[in-house]
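Each chain, written out:
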Amino acid sequence: MSSKEEVKILAIESSCDETAAAVVVNGREVRSNVISSQIALHTLYGGVVPEIASRKHIEKINQVITQALEDADTTLEEIDAIGVTYGPGLVGALLVGVAEAKAIAYAAKKPLVGVHHIEGHICANYIENKELEPPFLCLVASGGHTHLVKVADYGKYEIIGRTRDDAAGEAFDKVARAIGLGYPGGPKIEKKAKEGNDKAIVFPKAKVAENPYDFSFSGFKSAVLNYINGCKMKRQEINEADIAASFQKAVIDVLVEHAVHAAKEYRIDKFA
C-alpha cells in the first residue's frame, strides 16, 4: 500500500444478475456506486438464467465502470488498484468481471485484487458503520449464502456456521414460487407477510446435530408445500399472507437464535 493519504480502489462486481462498479477511498468512503440490475429480465423466467446474465454483463460493464469513474470525479490514472469479485457466484457472470478487471489492470498498470464474494458482504459493514473494527460476529444472509462468521481481524475469518443445503434467500425464492408470488422471492414475501399473521402456522425448524450453528432451510419449502397440499385435501382456504408471514418469521427466528447463541458463547459484543 502506498504511503499517500488516500488509497482509491475501483471495484467491479458481476457475480450474479447485477453489473456493478464503485470507487472507494480507504476502504470506508464510497465516492460512487453504479448498479445495472437485470431483475426485470430474469423475472420472465422465474429466476436467474446464467447465460442471459453473462451476456447482459458484457453489454453493460464498460458503461457501468465509466459512469462510476465519472460519478467519483476521478480518472483511471488516479486509481491505486482494481478490485474484483472472483467467486463464489455464477461462473460465466464472474468471468466477465474478472476478464474486465484483468484487462483494465494490465492496460493501466495497476495492481489487481481478487475479492471473495462473502468477504465483500462482511466488509460492506465497514462502509455502513465507519467506526466498526474487528473482532465482531457477522451474519451473512445473501441470496445464495447463509454464514455465521467470526471476524477475528481484517482478513482473518472463522466460519462458525453455514447452511447444509439451501441458503435463506433460496428458501424465500422457492416458497414464493410455491405460493404463486413469483420472482424475486425476498421482497415479494416480505410485502405479502405484512398482510398476514405470523403466528397462524408453525413451521418446523431444522436442527443440525453436529453443529448447533449450522443452518438448514430446504425443509421449509417442503413444509410449505405439505401445508398447501393439506389445505387442498381438506378443502380449506389457503391464506397466502399467513403462509408468507409464518414462513418469514420461522426463517428469521432461526437466523436470530443462531446469531445470539454464538455471540453469547464466543463472548463477542459486536454483531454485524
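Our subject is the structure that appears above.
Residue indices begin from 1 for each chain and proceed along its sequence in written order. In view of the model being predicted, local features appear only for residues whose pLDDT reaches at least 70, and side-chain atom pairs are presented and counted only at 80 or more, with totals across whole chains, interfaces and linings using the full set of residues. With hydrogens and water set aside, each side-chain value is computed from the structure's full complement of heavy atoms.

Undergrad: Let's hear about the packing of helix α5 (residues 168-178) against helix α7 (residues 218-233): which residues, and what values?
TA: Interaxial distance between α5 and α7 falls to 9 Å at its minimum, and their mutual angle equals 15 degrees. It follows that α5 is roughly parallel to α7 by the angle criterion. Between α5 and α7 lies a crossing whose hand is right-handed. Residues Lys174, Val175 and Ala178 of α5 lie in contact with α7, whose contacting residues are Phe220, Lys221, Val224, Leu225 and Ile228. Only the contacting stretch of a helix is used when fitting its axis, a line to C-alpha atoms as for every element, and angles between N-to-C directions run 0 to 180 degrees. Secondary structure is summarised from DSSP: a helix means a run of H or I of at least four residues, a strand means a run of E of at least two, and numbering begins at the N terminus for each. Note on angle classes: values under 35 degrees are labelled roughly parallel, values over 145 roughly antiparallel, values of 65 to 115 roughly perpendicular, and the remainder oblique. Handedness of a helix crossing follows the sense of rotation of the near helix relative to the far helix, less than a right angle counterclockwise being left-handed and clockwise being right-handed. By definition in these notes, contact holds between two residues if any of their heavy atoms fall within 4.5 Å.

Undergrad: I'd like a description of a nonpolar patch on the surface, backed by residues and values.
TA: Exposure above 30% relative accessible area and the lack of any salt bridge qualify a residue for a patch; like charges then connect within 9 Å, and the nonpolar side chains Val, Leu, Ile, Met, Phe, Trp and Tyr within 5 Å. We get accessible surface area from the Shrake-Rupley algorithm with a probe of 1.4 Å; when it comes to residues, only the shown protein chains can shield them. Think of a salt bridge as a Lys or Arg side-chain nitrogen and an Asp or Glu carboxyl oxygen that are within 4 Å of each other. A cluster of nonpolar side chains, Ile252, Val256 and Val260, forms an exposed patch at the surface whose accessible area comes to about 230 Å². Of note, isoleucine 252 is situated in helix α8 (residues 240-265).

Undergrad: If you had to explain the pattern of salt bridges to someone new, which residues and values would you point to?
TA: Across all of its chains, the model carries 12 salt bridges by this definition. Linking lysine 192 and glutamate 195 is a salt bridge whose minimum nitrogen-to-oxygen distance equals 3.7 Å. Under the relative-accessibility criterion, lysine 192 is labelled partly exposed at 22%. When the shortest N-O distance is used, the salt bridge between lysine 199 and aspartate 198 registers 3.6 Å. Buried, partly exposed and exposed residues are distinguished by accessible area as a fraction of the type maximum, computed with a 1.4 Å probe on protein chains only: under 20%, between the cut-offs, and over 50%, respectively. Under the relative-accessibility criterion, aspartate 198 is labelled partly exposed at 30%. Three or more residues are tied together by salt bridges with common partners; here these are Lys205, Lys249, Asp253 and Glu257.

Undergrad: Can you tell me about the environment of lysine 205, naming the residues and giving the values?
TA: Counting through the fold element by element, lysine 205 comes out in the loop between α6 (185-193) and α7. Since its relative accessible area comes to 35%, lysine 205 is described here as partly exposed. Sequence separation of lysine 205 and serine 216 is 11 residues, and the distance between their C-alpha atoms is 8.3 Å. Those residues in contact with lysine 205, other than ones at most four positions away along the chain, are Phe220, Ala250, Asp253, Val254 and Glu257. One polar contact links lysine 205 to glutamate 257, side chain to side chain, over a distance of 3.5 Å. Any pair of nitrogen or oxygen atoms within 3.5 Å is treated as a polar contact; in protein, a donor-acceptor pairing is required on top of that, and neighbouring residues in sequence qualify only through side-chain atoms on both sides.

Undergrad: So what's going on with the sheet that holds strand β5 (residues 112-116)? Which residues, and what values?
TA: The pairing criterion is simple: DSSP has to find at least two bridges between the two strands. Strand order in the open sheet formed by 5 strands is β3-β2-β1-β4-β5, and the pairing between neighbours is mixed. Single-partner strands in this sheet number two, and they are β3 (29-37) and β5. Within the sheet, the average angular offset between the axes of one strand and its neighbour, ignoring direction, is 20 degrees. In this structure, strand β2 (residues 18-25) lies alongside β3, joined through 8 bridges in antiparallel fashion. Directly across from valine 25, in β3, lies its bridge partner glutamate 29. The sheet contacts of helix α2 (residues 50-71) involve β1 (8-13), β2 and β3, and relative to β2 the element is tilted by about 25 degrees. Sheet contacts for helix α4 (residues 117-128): β3, β4 (81-87) and β5; angle to β5, the most-contacted strand, approximately 95 degrees.

Undergrad: Provide a residue-level description of the nonpolar core, including the pertinent values.
TA: In this structure, Ile189, Phe203, Phe217, Phe220, Val224, Phe247 and Val251 are the most contacted members of the largest nonpolar core, which totals 33 residues. Considering every element that reaches this core, the biggest residue donor is α8, with 11 residues. Setting aside anything within four residues of it in sequence, one finds phenylalanine 220 in contact with Val175, Phe203, Pro204, Lys205, Phe247, Ala250, Val251 and Val254. Nine residue types can take part in a nonpolar core, namely buried Ala, Val, Leu, Ile, Met, Phe, Trp, Tyr and Cys, and a core is a set of them joined through side-chain atoms within 4.5 Å. If you look at the next biggest cluster of nonpolar residues, it comprises 18 residues, including Leu10, Ile12, Ile82 and Ala105.

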